[in-house]
Protein chains: 2
Amino acid sequence: MRDVNIGIVGLGNIGSGTLKILAENADQIALKLGFHLRVGAVCDLLIDSKQIPESLGPVFKTNDWRRLIEHPGLDIVVELVGGTTVAAEVVNAAIAAKKSVVTANKELMALSGPEIWERAIQAGTNVAMEASVAGGIPIHTVLREGISGDRVVALYGILNGTSNYILTEMEQHGSPLETVLAEAQRLGYAEANPSNDIDGFDARSKLAILSALAFGEKITPGDIFTEGIRRLSPMDFQYAHRLGHTIRLLCAARQTPEGLILSVRPALIPQTAILASVRSSYNAIWVRGTYGEDTFYYGRGAGPRPTGVAVVSDLMRVAREILSGSPTRVSPFAHQRLGQYKPIPVTLQTRSYYVRFRVRDQPGIIAALSGILAAKHIGIEAVLQLPHENKLDLPFVITLEPTTEESVRQAAAEMSQLDFLLEPPLVLPMEPPL
Amino acid sequence: MRDVNIGIVGLGNIGSGTLKILAENADQIALKLGFHLRVGAVCDLLIDSKQIPESLGPVFKTNDWRRLIEHPGLDIVVELVGGTTVAAEVVNAAIAAKKSVVTANKELMALSGPEIWERAIQAGTNVAMEASVAGGIPIHTVLREGISGDRVVALYGILNGTSNYILTEMEQHGSPLETVLAEAQRLGYAEANPSNDIDGFDARSKLAILSALAFGEKITPGDIFTEGIRRLSPMDFQYAHRLGHTIRLLCAARQTPEGLILSVRPALIPQTAILASVRSSYNAIWVRGTYGEDTFYYGRGAGPRPTGVAVVSDLMRVAREILSGSPTRVSPFAHQRLGQYKPIPVTLQTRSYYVRFRVRDQPGIIAALSGILAAKHIGIEAVLQLPHENKLDLPFVITLEPTTEESVRQAAAEMSQLDFLLEPPLVLPMEPPL
């Protein structure tokens with residue numbers, strides 16, 4: 001069996017992690033494959049400053065990705081540049097040169113996955129992207145192979161480690177978001193500009209990819225209702241616990257009779273749900289299938305080594321397929337074309353809701369709020385107030401019987417006009433037991 | 001693309017579940033594959049009494065598995081007979097006839113997996129066995145593809161749903177094992193002869209297969225120290241909880257500097273471990289890799305539909321490979337041949353231990369027990385006694401500082417001679433936080 005030759009573009013954290021595994025674990029990889037994976041070429045803008053493990057043998061080094069793709073004998077190009085500009089050029093050029101591609105790029109695959117796949121199928125090459133979602137959790141392999149015989153009806157995920165770290169710290173220590181975020185930034189868990197993580201955009205890209213794989217429909221980030229965690233405060237965890245729940249930034253894709261409802265938003269989940277046991281920067285995905293019922297996958301969502309495992313495992317599979325001839329390829333994106341899983345607006349969903357208020361105390365508050373709800377035929381499940389001293393800033397919670405998101409939003413908009421409210425009500429869906 | 005044709009031998013629960021999925025989910029399966037899976041032939045001893053879904057079209061039916069294998073045009077034979085006699089004949093005859101094989105047979109693969117694989121490689125056919133372990137959890141796909149780039153150092157599993165159901169019922173309701181077992185038998189969760197489940201033999205076969213896949217060494221059931229759950233009583237859960245732990249029938253395969261330690265036995269695991277959240281008849285596997293750190297997989301361990309998903313997903317992968325030409329095959333069993341992961345006796349392991357006694361109360365008990373421990377240089381961590389009335393049958397627990405299993409066994413044997421003991425001490429390892 002001949003060797004399979006790899007070129008890697010981008011030697012940041014993930015690129016270095018990948019090289020390390022390819023070097024250190026080379027013997028076991030070759031035993032599992034029956035042939036060798038060779039690193040033929042590497043590219044980075046700062047190539048001279050990069051350590052290349054010596055055991056890899058002679059490796060062509062360049063700071064120009066075009067020269068890497070032209071390098072003779074490469075079978076697979078690994079794109080670890082990130083972003084959607086140069087990365088797209090690298091991927092497209094590699095496919096045009098009839099190379100297979102392995103990528104960790106969630107943004108690019110969420111935005112242009114279907115087009116990239118079409119191009120690869122035309123060129124007779126392969127694309128693998130396990131590393132683009134949930135780092136060390138092999139969720140692509142699971143959805144595409146492990147449970148491919150099932151018919152997925154719902155997928156829930158905790159897909160952003162930074163926001164999960166922040167939420168579970170708030171939950172455990174009662175510290176406000178700003179304090180935990182500052183600490184996370186100091187420790188390097190959160191970026192200087194945290195918007196991508198805490199406003200849900202990173203999780204949204206990942207959900208777009210996973211729901212495309214799970215349902216076989218074309219799903220873009222714009223199809224996904226997205227709300228971040230900025231409005232949460234430690235008291236929300238106190239109220240949630242009192243209700244037997246916790247709060248997570250939940251990525252959800254659910255098939256309903258009307259269509260597919262997609263959202264990334266903070267949600268109450270029952271403390272008995274296995275998703276509630278996902279703490280700190282871990283990621284997890286819960287899948288419900290028509291036949292296989294529920295399965296759950298958990299692990300490190302990021303980090304050079306867990307993500308490096310995903311890249312190397314992809315390389316092994318793609319290399320095996322290269323040597324076995326060109327198998328039939330069906331795009332993992334948008335292969336259904338049945339329209340069964342067409343995304344529909346989240347406003348059509350029916351859920352119980354948690355509505356948290358901050359008010360200046362005065363008589364008639366509950367009467368005013370319940371009047372608005374009654375006019376919209378929304379039933380009140382419970383009114384909950386934990387002991388609190390400050391009558392000028394008094395929190396309490398109303399939980400609502402199942403109703404449509406549309407009705408709740410209208411009610412919340414009307415409530416926001418009431419002069420005793422210090423801020424608009426915080427509305428979170430309450431997920432049923434998973 | 002041509003269709004791929006399947007023959008199924010054995011139409012019991014799993015066979016029927018498999019047929020149902022192949023019939024009902026045929027459109028989605030074809031869209032994912034780009035070609036059709038056809039059921040060409042089915043075989044069962046009671047074939048006339050079996051319902052074959054009409055949408056499958058004409059299907060050759062027989063009660064003689066030899067006639068099924070001779071049936072022209074079949075690409076894949078699915079063995080769902082179970083056991084190690086006829087099933088072995090079916091598998092070997094299918095391979096000899098150059099058919100690929102999909103099987104759900106844990107016993108056969110645990111016992112003869114390496115030989116069956118060798119034969120398949122020689123014949124240029126494929127073997128798939130996702131359904132043999134942990135029903136709906138795609139753990140084979142995960143180990144062989146999803147995290148194939150990693151180097152597994154430890155694997156822990158809850159692999160027998162019946163015993164996990166019994167343990168979690170004992171834990172929740174405080175009922176003795178006999179009562180819960182009788183109820184489980186009444187509900188059809190446990191067999192009339194429960195030995196296979198509660199004595200650990202079923203779990204042992206599964207661990208043999210998973211650890212062979214994870215470590216690439218030849219591992220037979222005989223390499224695995226096995227102890228069932230019969231000696232556990234509700235009070236053990238009370239003591240375990242007091243120690244911040246719970247008790248599960250834990251399948252463990254751990255690489256140590258000396259070799260691989262394999263066991264199926266009741267063990268204390270910290271309540272914070274995600275494995276502690278596995279309740280009722282669910283299965284789960286926790287894997288630690290050198291690079292990817294910890295990942296965790298959870299789902300239904302049995303049932304016709306979850307196991308059917310595993311069979312159908314295997315069929316899809318094998319069918320894809322058949323149409324793409326014959327890829328390189330490396331046996332998932334015993335491919336390492338490095339001797340790095342040679343099984344060694346469990347007596348060499350070092351752990352903290354939980355030792356539970358039942359005694360006739362009298363002065364000098366602790367002195368006698370601690371004397372035996374001291375003579376073996378085993379440190380006592382704590383002595384724990386929950387309130388109890390009956391001085392003629394008094395339970396208490398001693399937890400031991402980390403020591404070798406060898407020493408603990410010798411101490412327990414000496415203690416068993418003491419006349420105030422009502423039964424030999426119950427010795428359970430305490431797993432560190434996972």
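Rules of the game
Residues numbered from 1 in each chain as written. Chains lettered and ligands numbered in written order. Predicted model: local features only at pLDDT ≥ 70, side-chain atom pairs only at ≥ 80, totals over all residues. Helix = DSSP H or I, 4+ residues; strand = E, 2+ residues; numbered from the N terminus. Rg over C-alpha atoms; globule rule 2.2 N^0.38 Å. Buried ≥ 20, exposed ≤ 12 C-beta atoms within 10 Å, placed from the backbone. Contact = placed C-beta atoms within 7 Å. Least-squares fit on C-alpha atoms with pLDDT ≥ 70 in both. Pairing = 2+ DSSP bridges. Expected span 1.5 Å × (residues − 1). Domains from an automatic or database assignment. Nonpolar A, V, L, I, M, F, W, Y, C, P; charged D, E, K, R; others polar. Axes fitted to C-alpha atoms, helices over the stretch in contact; angles between N-to-C directions. Left-handed = near helix turned anticlockwise from the far one by under 90°. Arc of directions from axis to C-beta. Parallel < 35°, antiparallel > 145°, perpendicular 65-115°, else oblique.

Below, the discussion takes up the overall build of chain A. For chain A, the helix and strand inventory stands at 14 helices and 17 strands. Relative to the globule expectation of 22 Å for 434 residues, the C-alpha radius of gyration of chain A, 24 Å, shows essentially globular dimensions. Its C-alpha atoms put chain A at 80 × 50 × 35 Å along the principal axes. For chain A, the residues scored as buried account for 53% of the 434 residues in total. Of all intrachain contacts in chain A linking residues separated by at least 6 positions in sequence, the fraction that spans at least 24 positions is 75%.

Rotating chain B by 180° about the axis while translating it 0.0 Å along that axis superimposes it on chain A, leaving an RMSD of 0.0 Å. The symmetry that links the two subunits is that of a two-fold axis. Closest to the rotation axis within chain B is the C-alpha of Y297 of chain B, separated from it by 2.4 Å. The overlap is high: 100% of the interface residues of chain B also sit at the interface in chain A, so the same surface is used on both sides.

Right, let's talk about the sheet that holds strand β1 (residues 4–9) of chain B for a bit. All names here are of chain B. Here we have six strands laid out as an open sheet, ordered β3-β2-β1-β4-β5-β6, and parallel in their pairing. With one partner strand each, in any of the chains shown, β3 (60–62) and β6 (127–128) form the two edges of the open sheet. As defined by bridge partners, β1 adjoins strand β4 (residues 76–79) across four bridges and the pair is classed as parallel. Within β4, the residue paired with G7 across the bridge is V77.

Another point: helix α12 (residues 304–323) of chain A. Residues three or four positions apart in an α-helix share a direction because the helix packs 3.6 residues into each turn. All names here are of chain A. Over its 20 residues, α12 extends 28 Å from the first C-alpha to the last, a length consistent with the 28 Å expected when each residue adds 1.5 Å. Taken across its 20 residues, α12 has 19 buried, putting it largely inside the fold. One or two steps after α12, the chain reaches G325, where phi turns positive at roughly 95°.

Looking now at the domain arrangement of chain A. All names here are of chain A. Annotation of chain A at the domain level lists domain 1 (4–139 + 304–323), domain 2 (143–300 + 340–344) and domain 3 (349–430). Here the C-alpha centre of domain 2 lies 28 Å away from the C-alpha centre of domain 1. Across the contact, 14 residues belong to domain 1 and 16 residues belong to domain 2. Per element, the largest residue contribution to the side of domain 1 that touches domain 2 is six residues, and it comes from helix α5 (residues 106–123). Grouping the amino acids of the side of domain 1 that touches domain 2 by side-chain chemistry returns eight nonpolar, four polar and two charged.

Residue and element names in this part refer to chain A. Across the sheet, six strands lie side by side as β3-β2-β1-β4-β5-β6; this open sheet has parallel pairing. Two strands lie at the open edges of the sheet, namely β3 (60–62) and β6 (127–128), each paired on one side alone. In terms of strand pairing, strand β5 (residues 100–103) meets β6 through two bridges, oriented parallel. Note that in β6 the partner of V102 across the bridge is A128. Each of β1 (4–9), β2 (37–43), β4 (76–79), β5 and β6 is contacted by α12, which is oriented at about 165° to β5, the strand it contacts most.

In this section: the packing of helix α13 (residues 365–375) of chain A against helix α14 (residues 405–415) of chain A. When two helices pack together, you describe them by how their axes are tilted relative to each other and by the distance separating the axes. Residue and element names in this part refer to chain A. Relative orientation of the contacting elements α13 and α14 amounts to 145°, with a least axis distance of 10 Å. The hand of the α13/α14 crossing is right-handed. Together, L369, I372 and L373 of α13 and A411, E414 and M415 of α14 make up the contact between the two elements. Here the residues of the contact of α13 with α14 sort into five nonpolar, no polar and one charged.

Right, let's get into the interface of chain B and chain A. Contacts between chain B and chain A engage 54 residues on the former and 54 residues on the latter. Those elements that place two or more of their residues in the side of chain B that touches chain A are α2 (26–33), α6 (139–146), β12 (293–300) and α12 (304–323) of chain B. A per-element tally of the side of chain B that touches chain A places α12 of chain B first, with 10 residues. A class-by-class count of the residues in the side of chain B that touches chain A yields 22 nonpolar, 22 polar and 10 charged. Pairing geometry for strand β12 (residues 293–300) of chain A and β12 of chain B, over five bridges, is antiparallel. The residue bridging Y297 of chain A from the neighbouring strand is Y297 of chain B, located in β12 of chain B.

On to the environment of A96 of chain B, then. Locating A96 of chain B in the fold gives a position in helix α4 (residues 86–96). Here the alpha-carbon distance between A96 of chain B and L392 of chain B, two residues 296 residues apart in the chain, equals 65 Å.

This part is about unusual backbone geometry. Residue and element names in this part refer to chain A. Residues other than glycine seldom take positive phi values, yet A134 does so here, at roughly 55°. When you line up the elements, A134 lands in the loop between β6 and α6 (139–146). Judged by C-beta crowding, with 33 C-beta atoms within 10 Å, A134 ranks as buried.

Residue and element names in this part refer to chain B. Its place among the elements puts D3 in the segment before β1. Taking C-alpha positions, D3 is 37 Å from N160, a pair spaced 157 residues apart along the chain. Beyond its immediate stretch of four places on either side in the chain, D3 contacts F35, H36 and R38.

All of the buried residues in α14 of chain A are E405, V408 and A411 of chain A. Summarising the axial view, the buried residues of α14 of chain A lie within an arc of 125°, below the 170-degree limit, and thus occupy one face.

Residues and elements named next belong to chain B. Along the chain, the position of V39 falls in strand β2 (residues 37–43). For V39, a count of 24 C-beta atoms within 10 Å corresponds to the buried category. Those residues in contact with V39 that lie beyond four places of it in its chain are I6, I8, L19, L22, L56 and V59.

Residues and elements named next belong to chain B. Across the six residues that make up β1, a large majority, six, are buried. Inspection of the sheet shows β1 paired to β2 by six bridges, in the parallel sense. The partner of V9 across the bridge, within β2, is C43.

Let us now look at the packing of α2 of chain B against α12 of chain B. Residue and element names in this part refer to chain B. As a packed pair, α2 and α12 sit with axes 11 Å apart at the nearest point and diverge in direction by 40°. Regarding the angle of α2 to α12, the classification is oblique. Between α2 and α12 lies a crossing of right-handed hand. Residue-level inspection shows I29, K32 and L33 of α2 in contact with α12, the latter providing M316, A319 and R320. Looking at the contact of α2 with α12, its residues break down into four nonpolar, no polar and two charged.

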